[in-house]
Amino acid sequence: CSKCKQVYVKYRHSPGPWRRHSVFGIHVAKPGALVICEGTTDVLRLWDAGVVSPVAILGSCPSPGQVQLIASVATRVVSVGDGDDAGRKMNAEISAALDGLGVPVEVVELPEGSDPGSLSVEWIKENLPLCAFDVDKTCESS
């Protein structure tokens, strides 16, 4: 960013509420399990690791509109918030909101200080449930 000099894609300087109603990647998600993370860089790393339908809520606080959109597409969800307080809060909020709508959620806790965009492909493949890689599989740990 030319304003704040941050390396990763951020939304700090984006005016308006558009991102509170958007879910990055949902337009190409396959029916079945969605893997929810916080940012676009996280989605790219998960996709690179073979995750079928990674999406991002563009922050760590899901809006009711995002939850409704996710529930309208997903039959199950894997929530992969960052390994910090905000990521753990996101996992809890996603889990509570989608459980209330009848969408089962499995939470994957990341190591402290990490995020999906910084994890190795090997770690992702070893620690995400099978349904993240094959929509016909159940959400059991791999």
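Everything below is about the structure printed above this text.
Residues numbered from 1 in each chain as written. Predicted model: local features only at pLDDT ≥ 70, side-chain atom pairs only at ≥ 80, totals over all residues. Heavy atoms only, no water.

A few points about the nonpolar core
- One finds Val 35, Leu 46, Val 51, Ile 124 and Leu 128 to be the most contacted residues of the largest nonpolar core, which totals 19 residues.
- Going through the elements one at a time, strand E1 (32-37), helix H1 (40-48) and helix H4 (121-127) are the ones with two or more residues in this core.
- No other element matches the three residues that E1 contributes to this core.
- Apart from the residues within four sequence positions on either side, Val 35 is in contact with Leu 46, Val 51, Ser 53, Pro 54, Val 55, Val 78, Val 80, Leu 128 and Ala 132. (Core = buried A, V, L, I, M, F, W, Y, C linked by side-chain atoms within 4.5 Å. Buried < 20%, exposed > 50% of the residue type's maximum accessible area, 1.4 Å probe, protein only. Helix = DSSP H or I, 4+ residues; strand = E, 2+ residues; numbered from the N terminus. Contact = heavy atoms within 4.5 Å.)

Let's talk about the pattern of salt bridges
- As enumerated under the stated definition, the model contains four salt bridges in all.
- Here Asp 85 and Arg 88 are joined by a salt bridge, their closest N and O atoms 2.9 Å apart. Highlighted residues: Asp 85 and Arg 88, both in helix H3 (residues 85-100), separated by three residues, approximately one helical turn.
- Taking the shortest distance from any N to any O, the salt bridge between Glu 112 and Arg 88 comes out at 3.4 Å. Of the two residues, Glu 112 sits in the loop between strand E4 (105-107) and H4 while Arg 88 sits in helix H3, which places them 24 residues apart along the sequence.
- Residue classification places Arg 88 among the partly exposed residues on the basis of a relative accessible area of 29%.
- Counted as one network, the salt bridges with shared partners bring together Asp 85, Arg 88 and Glu 112. (Salt bridge = Lys/Arg side-chain N within 4 Å of Asp/Glu carboxyl O.)

Topic: helix H2 (residues 64-73)
- Listed in full, the buried residues belonging to H2 are Gln 66, Val 67 and Ile 70. The buried residues of H2 occupy an angular sector of 100 degrees when the element is viewed end-on, so they sit on one face. Turned more than 90 degrees off the buried face of H2, the exposed positions are Pro 64 and Ser 72.
- Turning to H2, the residues buried within the fold contact E1, strand E3 (74-79) and H3. (Arc of directions from axis to C-beta.)

A closer look at the side chain of Ser 114
- Following the sequence through the fold, Ser 114 ends up in the loop between E4 and H4.
- Only 2.7 Å separates the side chain of Ser 114 from the backbone oxygen of Pro 111, close enough to count as a polar contact.
- If near-sequence neighbours (up to four positions away) are discounted, Ser 114 is found in contact with Asp 82, Gly 83 and Leu 119. (Polar contact = N/O pair within 3.5 Å; in protein donor to acceptor, adjacent residues only side chain to side chain.)

Observations concerning the layout of surface pockets
- Taken as a whole, the second largest pocket spans an internal volume of roughly 160 Å³.
- Lining the second largest pocket are Phe 24, Gly 25, His 27, Val 28, Ala 29, Val 43, Leu 44, Trp 47, Val 52, Ser 53 and Pro 54.
- For the lining of the second largest pocket, the element with the most residues is H1, which contributes three residues.
- The class makeup of the residues in the lining of the second largest pocket is eight nonpolar, three polar and no charged. (1 Å grid on protein atoms, 1.4 Å probe; cavity = no way out; pocket = protein on both sides within 12 Å on 5 of 7 lines; lining within 4 Å. Points joined across faces, edges and corners; volume = space filled by probe spheres on them. Nonpolar A, V, L, I, M, F, W, Y, C, P; charged D, E, K, R; others polar.)

Spatial relationships are all this shows, so hold off on functional conclusions.
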